[in-house]
Amino acid sequence: MAAGSDVMESRIGRMCIERGLKMTGQRRVIARVLSEAQDHPDVEELYRRAAQLDSRISVATVYRTVRLLEEKGILERRDFGGGRARYEATEEGDHYHLIDVETGKVIEFEDREHAELIRRIARDLGFDLVSHRLELFARKRPADAGQDTAAPSPPARTGGRSKR
């Protein structure tokens with residue numbers, strides 16, 4: 001671990017403390033790995049990363065911790081296909097996912113117009129929107145296909161947001 005990391009809590013570690021969870025050393029490692037993830041790891045990948053930092057962590061501990069963090073509203077489970085649930089920190093604000101069906105790569109993006117449309121639809125139907133999600137499953141076009149008619153693409157963030 002980096003110098004001082006034992007003292008400073010990761011972002012997810014702080015969320016755990018705010019929700020009253022006891023932070024064991026192994027939970028701190030798992031929270032740190034999740035906080036630093038720029039992708040959406042599944043439990044097996046999370047375990048591999050955590051075990052590199054603390055070889056005493058078992059896959060069972062990672063599964064239990066992920067389940068607890070999900071129950072406490074700290075993590076959100078995502079199903080991007082491929083048969084494995086993947087996880088990301090629960091965050092405020094609207095962001096969406098485009099999943100490359102060939103590679104499994106997840107690209108996060110924001111679209112203010114979509115968010116406003118969704119809120120307007122809910123309002124027009126007599127509701128206040130509580131939450132929403134958008135997951136697009138797509139296949140990359142060949143480099144030379146559709147270049148003349150392609151609409152400008154929204155700003156994309158591959159792999160995830162900065163969580164600091």
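Up top is the structure.
Note that this is a predicted model, so its numbers are computed, not measured.

(A) Examining a nonpolar patch on the surface more closely. A cluster of nonpolar residues, L117, I121, L125 and F127, forms a patch on the protein surface that exposes about 410 Å² of accessible area. As for its placement among the helices and strands, L125 is situated in the loop between helix 5 (112-124) and strand 5 (135-138). By relative accessible area, which is 63% here, L125 ends up exposed.

(B) Up close: the environment of L53. Counting through the fold element by element, L53 comes out in helix 3 (residues 43-53). Sequence separation of L53 and V33 is 20 residues, and the distance between their C-alpha atoms is 9.0 Å. Excluding residues within four positions of it along the chain, L53 makes contact with V29, R32 and V33.

(C) Looking closely at the pattern of salt bridges. Scanning the entire structure with this criterion turns up 7 salt bridges. Between R56 and D54 there is a salt bridge, with its nearest N and O atoms 3.0 Å apart. According to the relative accessible area criterion, R56 is exposed, its value standing at 65%. Note that R120 and D124 form a salt bridge whose closest N and O atoms lie 3.3 Å from each other. Here the residue R120 and the residue D124 both occupy positions in helix 5, the gap between them amounting to 4 residues, near one helical turn. On the accessibility criterion, R120 (39% relative accessible area) is partly exposed.

(D) The nonpolar core, seen in detail. By size, the foremost hydrophobic cluster in this structure holds 20 residues, and its most contacted members are I12 and L69. Sorting the residues of this core by element identifies helix 1 (11-18), helix 2 (25-36), helix 3 and helix 4 (59-71) as the ones contributing at least two each. The element best represented in this core is helix 2, accounting for 5 residues.

Reading the values: rules and limits
Residues numbered from 1 in each chain as written. Predicted model: local features only at pLDDT ≥ 70, side-chain atom pairs only at ≥ 80, totals over all residues. Heavy atoms only, no water. Patch = residues over 30% accessible without salt bridge, like charges linked within 9 Å, V, L, I, M, F, W, Y side chains within 5 Å. Areas by Shrake-Rupley, 256 points an atom, 1.4 Å probe, with all protein chains shown as cover. Salt bridge = Lys/Arg side-chain N within 4 Å of Asp/Glu carboxyl O. Helix = DSSP H or I, 4+ residues; strand = E, 2+ residues; numbered from the N terminus. Buried < 20%, exposed > 50% of the residue type's maximum accessible area, 1.4 Å probe, protein only. Contact = heavy atoms within 4.5 Å. Core = buried A, V, L, I, M, F, W, Y, C linked by side-chain atoms within 4.5 Å.

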